[in-house]
Amino acid sequence: MAFRAVHAQWGTIFAHLPDLGCAQSWEAVWKARPSAPIVCDECRHPMHAKTSRAGLRFFTHAPGAPTCALGLESVAHHLLKLELAAAARDAGAHAELEVPGPGGAWRADVLATDPTEAWKTALEAQLAPITNAGITDRTERMRADGVTSIWFSDRPRPPWLGTVPSIRLATEDTREGLLVAEGLVKFHGRGWKPVPASLTDFLAWTFARRVVPHTPRTPLWYPQRALPTVWTAPHYITAETAHLEEEERQRRIREARPRRQAAPRAGGVFRCPRPGPAAAPAADRNGPRAEVRRRSPASAASSADAARTDSPHKRGWPSHLDDTNRRRTGRAPVLRASRCSTMNEEDACCSQRSFS
Ligand SMILES: [Zn+2]
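Residues numbered from 1 in each chain as written. Predicted model: local features only at pLDDT ≥ 70, side-chain atom pairs only at ≥ 80, totals over all residues.

## So, the sheet that holds strand E14 (residues 197-198)
Operational definition: Two strands are counted as paired when DSSP detects at least two bridges linking them. Runs of E in the DSSP output that reach at least two residues are strands. Runs of H or I that reach at least four are helices, and both are numbered from the N terminus.
Taken in spatial order, the 7 strands line up as E6-E7-E8-E9-E10-E11-E14 in an open sheet, and their pairing is mixed. One side of each edge strand has no neighbouring strand; the edge strands of this open sheet are strand E6 (94-100) and E14. Pairing of strand E10 (residues 166-171) with strand E11 (residues 178-182), which is carried by 4 bridges, proceeds in the antiparallel orientation. Note that in E11 the partner of Ala170 across the bridge is Leu179.

## Overview of the packing of helix H1 (residues 75-90) against helix H3 (residues 199-207)
Which entries qualify depends on this criterion: Structural elements are reduced to axes, namely lines fitted to C-alpha atoms, with helices fitted over the stretch in contact, and the angle between N-to-C directions of any two is expressed from 0 to 180 degrees. Any angle from 65 to 115 degrees is called roughly perpendicular, while one under 35 is roughly parallel, one over 145 is roughly antiparallel, and all others are oblique. For any helix crossing, the convention is left-handed if the near helix is rotated counterclockwise from the far helix by under a right angle, and right-handed if that rotation is clockwise. A pair of residues counts as a contact when their C-beta atoms, built from backbone coordinates, are within 7 Å of each other.
The geometry of H1 relative to H3 is characterised by a closest axis approach of 8 Å and an angle of 60 degrees between their N-to-C directions. Regarding the angle of H1 to H3, the classification is oblique. Classified by chirality, the crossing of H3 by H1 is right-handed. Along its contact with H1, which presents Ala87, Ala88 and Asp90, the element H3 presents Leu199, Thr200 and Leu203.

## A closer look at the pairing of E6
Bridge count between E6 and strand E7 (residues 107-113): 6 bridges; the pairing is antiparallel. Across the sheet, Glu96 pairs through a bridge with Leu111, a residue of E7. Connecting E6 to the next strand, E7, in antiparallel fashion are 6 residues, including Gly103 with a positive phi near 70 degrees.

Pasting the structure below:
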């Protein structure tokens, strides 16, 4: 079964288009007498136009044809191509089926182009089995001619998914038609989670470069599979980078901590690197923290008792800290101060305080 053929006078004709793509009628090739001069686009063997009982129009090779890839195209593949072309048009692009590359190096199932011809993207419906090497080679051949490609399948688990920029589609019982089922993600917390979207929305975002291919460096959360390439928005890539940098920073802090503890004491007494009361900002010197700093441990304890009864706002505490602490404990914040005297106490040095 094929859905395109070559007419001796009109060139390439398409069975799915009302005017065959050349301002002619289906009846001009279907049951025409004498037979319409149409041949296969691949093997040049004569073809006939046919209509199934369900009304599907297609071309079939005349008897005696060689084994031909065009004749092996399934209805499912053809219908997926039509869905891709319709979604690309809804997303604002021009879309043509079965567009050959320069010198026949490749043929795009659907070639979506920007109305200003700023870009070209091949939308490939891949339902037949294909190796990772095969799909990568076809992608590279198109890329060499300046055409990016996105591969689509509506099969449950295409093994090549993510090897090249690709999306798994699924049909839900909605008016939105085909939906993105796998391959479109956003960064959340410490990994990637899927983003539900219609095929049309996904294409509109890719055409506008609002989502781009990305190699994830953090996990794709269950039940997603680990894909080597996903689609996401650039700001989620930035978020993943920031997360990894923070993880690395925390790792270095953890690694440095034992080394500091093992280091020899400088003069036997640890000198707190943080500025003392004399170097503190004026607001701090005059604030409640400075008041506690100046007091002895005994008076600090009594100050803590007082803090439990005094209004924190009267004492000049940042109101947002008060609110946070009150929500957590149901009472006003209490200041606890510690004084450092040795290297081992650095982490609890005199300038550190916590709320209890
Ligand atoms: Zn053929």
